[in-house]
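Chain by chain, the residues:
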Amino acid sequence: MKNRSWLSLTFLMILLATLLLGLAQTPALAQTQTNSTNVVTVKLDGPLTPVWREILQRSIELATYQRSQVIVVELNTTGGSIDLMNELVTLILQSPVPVVVYVSPQGGMAASAGTLLTLSGKFAAMAPNTIIGAASPVGAQGEDIESTEATKVKEALKATVRTLAAQRGEKAIALAEEAIESAKAASAQEALDAGLVDFIATDMNDLLNQLDGQVVEVNGTAVTLQTRIAIINETPITPVENVLALLTNPNIVFLLLAVAVQAILIEISHPGGWVAGFIGAVLLAVSIYGMNLLSVNYVGLILMGVAFVLFILDIKAPTHGALTVVGTATFIAGALVLFNSAQVPKFSNVSVPLVITVGVLMGLSFFAIVMIAVRAMRAPIITGKESLIGKEGFAVIANHPGGIAQIAGEQWSTLLAEGSASVGKGDRVVVTEVRGLKLVVKKKD
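The structure presented is a predicted model; accordingly, all values stated were derived computationally and were not measured. (Residues numbered from 1 in each chain as written. Predicted model: local features only at pLDDT ≥ 70, side-chain atom pairs only at ≥ 80, totals over all residues. Heavy atoms only, no water.)

A.B. asks: Can you help me understand the pairing of strand β9 (residues 215-218) in this one?
C.D. replies: Two faces belong to every sheet, and in a regular strand the side chains alternate between them. Going residue by residue along β9, you find Val-216 and Val-218 tucked away on one face and Val-215 and Glu-217 left uncovered on the opposite face. Across 4 bridges, β9 lies against strand β10 (residues 221-224) in antiparallel orientation. In the sheet register, Val-215 faces β10, and the bridge partner there is Thr-224. Linking β9 back to β10 in an antiparallel pair, the connection comprises 2 residues, with Asn-219 at a positive phi of about 55°. (Buried < 20%, exposed > 50% of the residue type's maximum accessible area, 1.4 Å probe, protein only. Helix = DSSP H or I, 4+ residues; strand = E, 2+ residues; numbered from the N terminus. Pairing = 2+ DSSP bridges.)

The following block contains the structure:
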């Protein structure tokens, strides 16, 4: 046990050291030759997360170092925290290098907080078949917030968009305010017609071609962009940031949570080991971090917790799988509403087939555990004195009514069973009962 503890501690220290090393290995600024036709790109995909702040800051530093023409932010988001959105907007507005926000790829969106991020750029562009808007504020789980608070938040956001869209005209301001007031979403063409965005670009090359010749003000000086033949430099992303980005994928978070629950339940049902429990604890911590980055419906979390309790109860007090069946249904129901909250226009959704498949597999695995437990309860006793019942032997000393018999390789004190014929030395006997330290035997017919 002591060796296992040391092994577990050593493994944990190695894991922490690797994580710290990964955090320390932030990509250095690209040592490319300074070129005024450089363009720096950065991809921000998924719900807003704190990782975006570091990535965006690094792209600004990279563009400043290279004296780039512009920074192109490729944005595809369902939105996120208003506080984090304000921080990102501030970074964009204060960037010494002009920022262009490009809603892409086709089928992407700049929803909710993404609308304000798009308007904060010097130029805004959208790929075909993308949408912008649906910026009405909601609570942490996607629910409507109280009317008084909602009014305050909406008015603050509308004041912000009026400032950001001030140069875009009244139609653009009206569309942006409507996106906040009534969660209206607009297509790329509608946004372009209203002046909410400046370009519709099919890809990055198309965008750079349209930006070429545009005039922007940089440090009080008018600068004409020359982006048609620009060298594109992507902002490097650290391995840790890639991992953290995965935690904004609800399917990944759900799988981590499901495996964590499975591992912990295995540890509970087979105590004494450490591997399953350790893995379960680590994955549970990681999944909780991921849920903090996403919009989580706590009703779903409670239902999954109830399923966890039902699984444990069925392991400890087998009910022939009844609680496992109920627990499986509860787990699936909880997982389906865990991330699948209000659609504005959509929140991060976990795959329904994935939830059902994982839930059924988990239920089957614990049903198997319960059946093993039930079979063990019904199995005949194969150790101890009780296992001697039905065994045969021979009398060493005759029973009158007591005696001694050789049973299962050992000599036992015996008593003659009621109704049995008398037993003489050497006669074959069968054990019918165990009374304390004596065996009750009868003469074998």
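Still to come is the rest of the account.
A.B. asks: Where do I start with the sheet that holds strand β11 (residues 231-234) in this structure?
C.D. replies: As a general point, the strands of a sheet are linked pairwise by backbone hydrogen bonds and lie either parallel or antiparallel. Strand order in this open sheet of 6 strands is β8-β5-β3-β2-β1-β11, and the pairing throughout is parallel. At either margin of the open sheet sits one strand with a lone partner, and together these are β8 (199-200) and β11. By the bridge criterion, 7 bridges tie strand β1 (residues 38-45) to strand β2 (residues 70-76) in an arrangement that is parallel. Bridging from a neighbouring strand, Lys-43 pairs with Glu-74 of β2. Contacts from helix α2 (residues 50-66) reach β1, β2 and β11 within the one sheet, and its direction differs from that of β1 by about 175°. (Contact = heavy atoms within 4.5 Å. Axes fitted to C-alpha atoms, helices over the stretch in contact; angles between N-to-C directions.)

A.B. asks: What should I look at first to understand the environment of Gly-393 in this one?
C.D. replies: As for its position among the elements, Gly-393 is in strand β12 (residues 392-397). On the accessibility criterion, Gly-393 (5% relative accessible area) is buried. For the pair formed by Gly-393 and Gln-411, sequence separation is 18 residues and the distance between their alpha carbons is 9.5 Å. Residues in contact with Gly-393, not counting those within four places in the same chain, are Gln-406, Ile-407, Asp-427, Arg-428 and Val-429.

A.B. asks: How do you make sense of the packing of aromatic side chains when you look at a structure like this?
C.D. replies: Going through the model one piece at a time under the given rule, you end up with 2 aromatic pairs. Relative to Phe-331, the ring of Phe-254 lies with its centre 6.0 Å away and its plane at 40°, an arrangement referred to as tilted. Of this pair, Phe-254 sits in helix α10 (residues 250-269) while Phe-331 sits in helix α13 (residues 322-338), and the two are 77 residues apart along the sequence. Across the pair, Phe-331 and Phe-254 agree in class, each one buried. (Phe/Tyr/Trp six-rings, centres within 6.5 Å; stacked < 30°, edge-to-face > 60°.)

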